[in-house]
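# Chains, contacts and geometry: an overview
Given next are the chains, with one letter for each unit.
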Amino acid sequence: MNPPRIGLRCDAGPRTGVGHLVRCLALGEEFLARGARVELFGTVHRVGWAAAQLAARGIPVHPGPDTPAGLVEAAHRHALDALVLDSYELDPAGAGALRAAGVVTLAIVDGDTRGQDADLYLDQNFGADTADAHPADRAPGDGAPGDGRMLAGVRYALLRDAVTAARPAAPPPAGPTDRPRVLAFFGGTDAVGAAPVLTRVLLGTGHPMEVTVVVGRPEIGAELTQVATGRGQSLHLVAPTDALPTLIGAADLVVSAAGTSTWELCCLGAPAALVCVVDNQRDSYRRVVAHRLAAGLGELPDLVASGLAGRTARAEAGRTLRALLASPQRRAALAARAWATVDGHGRARVADAVLTRIADRTGVLKP
């Protein structure tokens, strides 16, 4: 029996960030562990860390077709059994075209299915399934068709090997410390420039701390070198690294964007404070904060606003951070709820669903 051939259609770059690629990479690792052939179709532009991740796993990268016809042609040329679509910009008709051509299609979405006609949909956001959150949190008509094609909620969160291997057996306790260790990161490229804003808010609390910031782009690093520290404070800048789960595990508090990394933080039981940096994070951000899986720092456009509105937003975020820095109990409570919510087995559940669809279509048993 030939191993299944799985394609991943996503892009990564300074403008799009690496969130789509990271969750596809996690699913790719699961398929590789099951003996499948995995190939990526897309652009990995000016993101050396991401390109190295793919190369280390032996995942070849091909040009990413944008049209329905191009997707079908690529799927047939590479003899794909399934194609994973993870993009906000692809023509929504591509999923239906692939299905009609006999290719199993999984569309990874964040709330809006964009009219795609896929075999399966994956929305890994908290609250996408009412098992995650109270039904009142969901607007009428949220999600995809209710015909069993939707894999919804954090039980399907896609997490990389490096994250699941670092998951502790129990949520880590938070002990008292005079200088909490704070880790700040905002995606692989920090496409919206959140790091300098939140670093200034952090240091502006005046609380002693050791801050480590993951710098996604050189221009972000240049700006951060101009940020002044106060009494008892230190600021260290590091490049994107494979050791991020280790850095998370060593931190007393993590400040991050409310994107794909949210589920990594939950799985690792990290006490976290999140900022909503783009519109498509808003619903999930609000649900996560409302259910106290992480503290909320607000939305980035508010934090960078001029005048009284901006000062008010930054002051509120500063108060939230100061309270967390001063209270091991608050940090421990966040960590415990987060750890209990994401178990790290989501990608196996997704792979099972995809391979079952392939088996149903081809009549060949899944591995």
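Here, the structure is the one placed above.
Residues numbered from 1 in each chain as written. Predicted model: local features only at pLDDT ≥ 70, side-chain atom pairs only at ≥ 80, totals over all residues. Heavy atoms only, no water.

## What to know about the nonpolar core
What counts here: Nine residue types can take part in a nonpolar core, namely buried Ala, Val, Leu, Ile, Met, Phe, Trp, Tyr and Cys, and a core is a set of them joined through side-chain atoms within 4.5 Å. Categorising residues by exposure relies on relative accessible area from a 1.4 Å probe, with only protein chains included: less than 20% of the type maximum marks a residue as buried, more than 50% marks it as exposed, and the intermediate range marks it as partly exposed. Note on conventions: DSSP H or I runs of at least 4 residues are helices, E runs of at least 2 residues are strands, and numbering of each starts at the N terminus. Contacts are residue-level and defined by heavy atoms, with any inter-residue pair within 4.5 Å sufficient.
Within the largest apolar cluster, 36 residues are counted, with the highest numbers of intra-cluster contacts made by I6, F31, L106 and V350. Of all the secondary structure elements, the ones that give two or more residues to this core are β1 (5–9), α1 (19–33), β2 (37–41), α2 (48–56), β4 (82–85), β5 (104–108), β6 (120–123) and α14 (346–362). Counting residues per element, this core draws most heavily on α1, which supplies seven residues. Once residues lying within four places of it in the same chain are set aside, the contact partners of I6 are F31, A36, R37, V38, E39, L80, A82, V84 and I358.

## Points about the pattern of salt bridges
Threshold: Each reported salt bridge corresponds to a side-chain nitrogen of Lys or Arg within 4 Å of a carboxyl oxygen of Asp or Glu.
One pass over the structure, following the stated rule, counts 27 salt bridges. The partner of R23 in a salt bridge is D86, with the nearest N and O atoms 2.7 Å apart. Taken together, the residues R23 in helix α1 and D86 in the loop between β4 and α4 (93–100) connect sequence positions 63 residues apart. With respect to burial, R23 and D86 carry one shared label: buried. For D343, the salt bridge identified is with R349, shortest N-O distance 2.8 Å. Residue classification places D343 among the partly exposed residues on the basis of a relative accessible area of 30%.

## Points about α4
Quick reminder of the rule: As used here, the arc is the angular range of directions from the helix axis to the C-beta atoms.
Along α4, the residues classified as buried are G94, A95 and L98. The arc that holds every buried residue of α4, seen down its axis, measures 100°, which confines them to one face. The elements touched by buried residues of α4 are α3 (68–77), β4 and β5.

## Quick word on the sheet that holds strand β10 (residues 233–238)
Basically, it comes down to this: Only strands that DSSP links by at least two bridges are regarded as paired with each other. Only C-alpha atoms enter the line fits that serve as axes; for helices the fit covers just the stretch in contact. Angles between N-to-C directions range over 0 to 180 degrees.
Taken in spatial order, the six strands of this open sheet run β10-β9-β8-β11-β12-β13, and their pairing is parallel. What marks the edges here is a single partner per strand, and that holds for β10 and β13 (295–299). Neighbouring strand axes in the sheet, compared pairwise and without regard to direction, differ in orientation by 15° on average. With four bridges joining them, strand β8 (residues 181–185) and strand β9 (residues 209–214) adopt parallel strand pairing. Residue pairing across strands places A184 opposite V213, the latter belonging to β9. Lying over the sheet, helix α10 (residues 282–290) contacts β12 (272–276) and β13, oriented at roughly 150° with respect to β13. Against the sheet, helix α12 (residues 307–326) touches β8, β9, β11 (253–257), β12 and β13, its axis set at about 160° to β13.

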